[in-house]
Amino acid sequence: MTVLEQEKTVLDASSARMETIFPTYLVTHHWPNVDGLDARLCAYAKAEMARTDGLCSTTTNVGGWHSPKSLGTSSNPDIQALLRRFESLVFETTARTASPDNAKRLETRIDMWCNVNGIQDYNEPHIHRDCTWVGVYYAEVPEDTGPDPRAGALEVFDPRPAAALVPTPGMEFDLTRLVVPQPGLMVLFPSWLTHMVHPFRTQGRRISFASNIKARLA
Ligand SMILES: [Fe+2]
């Protein structure tokens, strides 16, 4: 066998092992609207907005209203039910990413608040500091947000934007993922993941509940 023929057999790399490292999780779950929970959560958010005369501090929001982040301390049973749903999704995520046994040792602390966005309101790109996960639950969305798929959507950005500076065949970086809100949808993602909320330009209202979730294993 010539050297060239020997090299042809050596050059077969089809058995190379490939693995994906440094995964980023985006978790979505649709909860059932048990006994009209969403309507009661919306009523709660509207009452809170009325109680504060629609005034709120500005964080990442441009327009819109958000409550203080202490909603989790409310004894309102619907708010507590929503807290349990956030906890359950973090438990499920931990069970899958760590292990079911580890998840049993999970301790969480949740700061929760509600957001009411109307026409043209949006949130600038941001991260959430000093927590593990960000959770969002949608209780009400406009029936029609028009033809733009981004209208009212949550957009999550690839945390590796610099990788796009060097083209890599077969791999794309600097991508984004749109999450279109629906009543009953809960979303969970790492707190360091940059995200924003797009405005919608039709009539209607978007009521969501957001949470900063600290998670640790006891
Ligand atoms: Fe956010």
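Structure: above.
Summarised in this report is the structure supplied together with it. The structure displayed is predicted, hence computed values, not measured ones.

Points about the overall build of the protein
Okay, step 1: A tally of helices and strands in the protein yields 4 helices and 11 strands.
Okay, step 2: Expressed as lengths along the three principal axes of its C-alpha atoms, the size of the protein is roughly 85 × 45 × 30 Å.
Okay, step 3: Here the protein, with 218 residues, has 25% of them falling under the buried criterion.

Structural notes on the sheet that holds strand S3 (residues 65–66)
Okay, step 1: What the 6 strands build is an open sheet, ordered S1-S9-S6-S11-S4-S3; its pairing is antiparallel. Each end of this open sheet is capped by a strand with a single partner; those strands are strand S1 (27–30) and S3.
Okay, step 2: By the bridge criterion, 4 bridges tie S1 to strand S9 (residues 185–190) in an arrangement that is antiparallel. Bridged to His29 within S9 is Met186.
Okay, step 3: Along the sheet face, helix H2 (residues 37–51) touches S3, strand S4 (106–117), strand S6 (133–140) and strand S11 (206–217) and points at about 100° away from the line of S6.
Okay, step 4: The sheet strands contacting helix H3 (residues 77–97) are S1, S4, S6, S9 and S11, and the helix crosses S4 at an angle near 125°.

What to know about the environment of Cys42
Okay, step 1: Tracing the chain through its elements places Cys42 in helix H2.
Okay, step 2: On the basis of neighbour counts, which here come to 19 C-beta atoms within 10 Å, the residue Cys42 falls in the partly exposed class.
Okay, step 3: As a C-alpha pair, Cys42 and Val116 span 74 residues in sequence and 9.1 Å in three-dimensional space.
Okay, step 4: Apart from the residues lying within four places of it in its own chain, the contact partners of Cys42 are Ala139, Glu140 and Ile207.

Description of the sheet that holds strand S7 (residues 154–157)
Okay, step 1: If you walk across this open sheet you meet the 5 strands as S2-S5-S10-S7-S8, and the pairing is antiparallel. Of all strands in the sheet, those with a lone pairing partner are strand S2 (61–62) and strand S8 (176–179), marking the two edges.
Okay, step 2: Two elements, S7 and S8, share 4 bridges in a ladder whose sense is antiparallel. Residue Leu154 lies in a different strand from S8, and its bridge partner there is Val179.

Points about H3
Okay, step 1: Under the 1.5 Å per step criterion, the end-to-end length of H3 is 30 Å for 21 residues, consistent within 8% with the ideal 30 Å.
Okay, step 2: Of the residues making up H3, those classed as buried are Leu82, Phe86, Leu89, Val90 and Thr94. Considered in projection along H3, the buried side chains sweep an arc of 135° and stay on one side of the axis. Turned more than 90 degrees off the buried face of H3, the exposed positions are Pro77, Gln80, Arg84 and Arg96.

Brief notes about the environment of Val27
Okay, step 1: Summarising the element assignment, Val27 is placed in strand S1.
Okay, step 2: The spacing of Val27 and Ser15 is 12 residues in sequence and 32 Å in space, taken between C-alpha atoms.
Okay, step 3: Not counting the four nearest positions on each side in its chain, Val27 is found in contact with Leu89, Thr93, Val187, Leu188 and Phe189.

Focus: the pairing of S6
Okay, step 1: For S6, the tally of buried residues reaches 7 of 8 residues, placing the bulk of the element in the interior.
Okay, step 2: As paired elements, S6 and S9 share 5 bridges and run antiparallel to each other. Among the inter-strand pairings, Tyr137 is bridged to a residue of S9, identified as Met186.
Okay, step 3: Direction of pairing for S6 relative to S11: antiparallel, over a ladder of 7 bridges.

Each value, and the rule that gives it
Residues numbered from 1 in each chain as written. Predicted model: local features only at pLDDT ≥ 70, side-chain atom pairs only at ≥ 80, totals over all residues. Helix = DSSP H or I, 4+ residues; strand = E, 2+ residues; numbered from the N terminus. Buried ≥ 20, exposed ≤ 12 C-beta atoms within 10 Å, placed from the backbone. Pairing = 2+ DSSP bridges. Contact = placed C-beta atoms within 7 Å. Axes fitted to C-alpha atoms, helices over the stretch in contact; angles between N-to-C directions. Expected span 1.5 Å × (residues − 1). Arc of directions from axis to C-beta.

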